[in-house]
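One-letter residues, chain by chain:
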Amino acid sequence: MDYIATFYTHLSAMRTHKELKKRGADARLAPVPRKLSSSCGTCVFYTADAPMLECMDSDYEAVYGAQGENYTRLSYKE
Amino acid sequence: MRNILKKYWLVVLTGLCVGAAAVFLTAEGNPANMGFCIACFIRDITGAVGFHGAGVVQYVRPEIIGLVLGAFIISVIRREWKPTGGSSPMTRFLLGMIVMIGALIFLGCPLRMVIRIGGGDLNAIVGLLGFVVGILIGVVPLKLGFTLKRAYKQSKVEGLIFPALMVILFVVSILAPALFKSSVEGPGSQHANVYIALVVALIVGALCQQSRLCMAGGVRDAVMFKDFKLIAGFIAIIVAVLVGNLIVKGSLAFSFEGQPIAHTDGVFNFLGMALVGWGSVLLGGCPLRQLILAGEGNTDSAITICGFVAGAAVAHNFGLASSGAGIGTGPVLIVVIASLVILALVSVFNIAKGEK
């Protein structure tokens, strides 16, 4: 399954990216898809069997399940 | 092919519109190679309200007001207006000042740099080199864990203040123009019709909000993520300006000498834009992008714009701003060095603990 995690800071995206990779997920950093946000932050695209929310840094914003360009929000943190 | 079109069409369209708008506004009366310039126009407004005394660059530029309000209106309609803030505001104010001082040493923000390139001004190529080097330097702390900390949700009132100030500025400048200083000669005296400029800027502001066009972000994303979407917009502006100038003027003269509102001091063209590139990466966006974000309710960007205003006042009050005649008569070199040191300190001291 493909997932996208968005963040309040670039640093938080980097930390989560590192953690996801450490735990064996196929992850990469990228600009947030326009559909998800009008801001210009960094997101993490990753492929894994589960959303792996335990890998999220404290400043994560949301995690989405991705099917092509259809996104379903799985988790959100204000 | 369909995927490429889908990814790039909006940002390329925005770039083409920005370039066309710049050529159009110059034909309508704005200064040459300055149809749009965020730094110059904020500086003109700063002069119009009397924060600096440079008589040739004072005018309430409706373009700035229109960009913010265009982004504000479209973000409200699309339900993307979101008041946020609290991400190191004082640091952002300081970075805003440095970016503005650098831009006024070069004579243009990254947007005008691109427009100058499209107008045949080779000095702007030197500026572009400095801009890219500045961004490359700024990307290093970003990769090492640089952060200005996260922004939080703010009240609606907090997010509305900056767009409201823009509305007030516009209305007062129309109803009581005598309250403001207005250049009778020089670049400040050259301007398109107020309402034409406002409408063009409203459209461009809305397009920029939808496409996230950003000069600094273009180079940053290309370097950091091999993502070329934003830089495509950057290139589209150059193409539109080149073609537009060819249509309007019939020919283009590529040269260093004799370009409008530009100087030929390569060292300071380079250094000025290096300050802008480095500062913009730390801020997360070029001056144009800050205006758009402020319209979307981002109060950190609004504070950054206040920093631009302060920087413009400092640049002109202390003889740091360049002119067509060359660099300023003040301590330009000292301020450039001090600004580079400040950028280095801000970069290092904001690298999160545990990341070094």
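Conventions we followed
- Residues numbered from 1 in each chain as written.
- Chains lettered and ligands numbered in written order.
- Predicted model: local features only at pLDDT ≥ 70, side-chain atom pairs only at ≥ 80, totals over all residues.
- Heavy atoms only, no water.
- Contact = heavy atoms within 4.5 Å.
- Buried area = accessible area lost by both parts, 1.4 Å probe.
- Salt bridge = Lys/Arg side-chain N within 4 Å of Asp/Glu carboxyl O.
- Polar contact = N/O pair within 3.5 Å; in protein donor to acceptor, adjacent residues only side chain to side chain.
- Helix = DSSP H or I, 4+ residues; strand = E, 2+ residues; numbered from the N terminus.
- Phe/Tyr/Trp six-rings, centres within 6.5 Å; stacked < 30°, edge-to-face > 60°.
- Buried < 20%, exposed > 50% of the residue type's maximum accessible area, 1.4 Å probe, protein only.

Some thoughts on the interface of chain A and chain B
Piece 1. At the interface, 21 residues of chain A touch 27 residues of chain B.
Piece 2. Summing both sides of the interface, chain A and chain B together bury roughly 1900 Å²; the carbon and sulfur share of this comes to 49%.
Piece 3. It is Arg34, Ser38 and Cys40 of chain A that lose the most area in chain A upon contact with chain B, and together they represent 32% of the buried surface on that side.
Piece 4. Between the two partners, chain A and chain B, sit 3 salt bridges.
Piece 5. Remark: the boundary between chain A and chain B carries 8 residue pairs in polar contact (both at pLDDT 80 or more).
Piece 6. Among the secondary structure elements, those contributing two or more residues to the side of chain A that touches chain B are α1 (10-22) and β2 (26-31) of chain A.
Piece 7. Residue contributions to the side of chain A that touches chain B peak at 4 residues, all from α1 of chain A.

Notes on the packing of aromatic side chains
Residues and elements named next belong to chain B.
Piece 1. In this structure the tally under the stated criterion is 3 aromatic pairs over all chains.
Piece 2. Measuring from ring centre to ring centre gives 5.9 Å for Phe72 and Trp81, while their planes differ by 90 degrees; the resulting arrangement is edge-to-face. Across the pair, Trp81 and Phe72 agree in class, each one buried.
Piece 3. Summarising the aromatic geometry, the rings of Phe170 and Tyr195 are spaced 6.4 Å apart at their centres and angled 85 degrees between planes, so their arrangement reads as edge-to-face. Placement of the pair is Phe170 in helix α7 (residues 156-175) and Tyr195 in helix α8 (residues 194-211), with a sequence separation of 25 residues.

Remarks on the pattern of salt bridges
Should the charged atoms of two oppositely charged side chains come close, the side chains can pair.
Piece 1. The tally for this structure, following the rule as stated, stands at 11 salt bridges over all chains.
Piece 2. Linking Glu19 of chain A and Arg23 of chain A is a salt bridge whose minimum nitrogen-to-oxygen distance equals 3.2 Å.
Piece 3. What makes Arg23 of chain A partly exposed here is its relative accessible area of 45%.
Piece 4. When the shortest N-O distance is used, the salt bridge between Asp44 of chain B and Arg43 of chain B registers 2.9 Å.
Piece 5. On the basis of relative accessible area, Arg43 of chain B is assigned to the buried category, the value being 5%.
Piece 6. Each of Glu19, Lys22, Arg23 and Glu54 of chain A takes part in a single network of salt bridges with overlapping partners.

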